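These are the residues of each chain, in order.
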Amino acid sequence: MSRIILVKSDAQRNSLLTALLQRQGHTVSITDTLDQIPAVITKSQLDMLVVDMDEHSLDEVVQIAPNLKGVKILFLGGNDDMQHDFRSWIADDIIQGSQDDDAINYCIQKILNRNKIN
């Protein structure tokens, strides 16, 4: 399946979402900071990056953007202004408000299956 990295802060959510995605066959890693991502990408293929925007800034994501070619990105949370910032184009989708694991999982599956030829 896909290799997904969660860049989040809530340990309980990380473990629940990780278990859910792993049951579906995905390989999931968790990192605390975005600056670790370029090293991970050089070691192996990355399909998706899920970033908690309540803990990380759009500036941080834009800084590593050159390393993210071909990687699908999902932003979780963030403020309302972020959706009006032209740099948010980097994300394939943004989930604000309620962020239960099923909604996040649905969005991840939708993004991963986008443009897939059956």
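To keep things clear, this report deals only with the structure shown in the data block. (Residues numbered from 1 in each chain as written. Predicted model: local features only at pLDDT ≥ 70, side-chain atom pairs only at ≥ 80, totals over all residues. Heavy atoms only, no water.)

What to know about the packing of helix α1 (residues 11-23) against helix α4 (residues 101-113)
α4 packs onto α1 with a crossing angle of 45° between their chain directions and a minimal axis gap of 10 Å. Considering the angle they form, α1 stands oblique to α4. Our pair here, α1 against α4, has a crossing hand that is right-handed. Contacts from Arg13, Leu16, Leu17, Leu20 and Leu21 in α1 reach Asp101, Asp102, Ile104, Asn105, Ile108 and Gln109 in α4. (Axes fitted to C-alpha atoms, helices over the stretch in contact; angles between N-to-C directions. Helix = DSSP H or I, 4+ residues; strand = E, 2+ residues; numbered from the N terminus. Parallel < 35°, antiparallel > 145°, perpendicular 65-115°, else oblique. Left-handed = near helix turned anticlockwise from the far one by under 90°. Contact = heavy atoms within 4.5 Å.)

Some words on α1
Along its 13 residues, α1 runs 18 Å from first to last C-alpha, staying within 8% of the 18 Å computed at 1.5 Å per residue. Of all the positions in α1, only Asn14, Leu17, Thr18, Leu20 and Leu21 are classed as buried. The buried residues of α1 occupy an angular sector of 165° when the element is viewed end-on, so they sit on one face. Turned more than 90 degrees away from the buried face of α1 sit Ala11, Gln12 and Arg23, all of them exposed. Next to the buried residues of α1 lie β1 (3-7), β2 (27-31) and α4. Glycine 25 occupies a position one or two residues after α1 and carries a positive phi of about 100°. (Expected span 1.5 Å × (residues − 1). Buried < 20%, exposed > 50% of the residue type's maximum accessible area, 1.4 Å probe, protein only. Arc of directions from axis to C-beta.)

Thoughts on the sheet that holds strand β5 (residues 93-95)
Read from one edge to the other, the open sheet built from five strands follows the order β2-β1-β3-β4-β5, with strand pairing classed as parallel. Each edge of the open sheet is held by one strand with a lone partner, namely β2 and β5. The average undirected angle you get between the axes of adjacent strands in this sheet is 20°. Bridge count for strand β3 (residues 48-52) against strand β4 (residues 72-76) is five bridges, and the pairing is parallel. Across the sheet, residue valine 50 finds its bridge partner in β4, namely leucine 74. The strands that α1 touches are β1 and β2; relative to β2, the one it contacts most, it runs at about 160°. Strand contacts of α4: β1, β3, β4 and β5, with the helix running at about 155° to β4, the strand carrying the most contacts. (Pairing = 2+ DSSP bridges.)

Overview of the nonpolar core
Leu34, Ile37, Leu49, Val51 and Phe75 are the most contacted members of the largest nonpolar core, which has 19 residues in total. At the level of elements, β1, β3, α3 (58-64) and β4 are the ones that each hand at least two residues to this core. Considering every element that reaches this core, the biggest residue donor is α3, with three residues. Contacts of leucine 34, omitting those with residues within four sequence positions, involve Val7, Leu49, Val51, His56, Glu60, Val61 and Ile64. Of all hydrophobic cores here, the second largest spans 16 residues; its members include Val28, Val50, Leu74 and Leu112. (Core = buried A, V, L, I, M, F, W, Y, C linked by side-chain atoms within 4.5 Å.)

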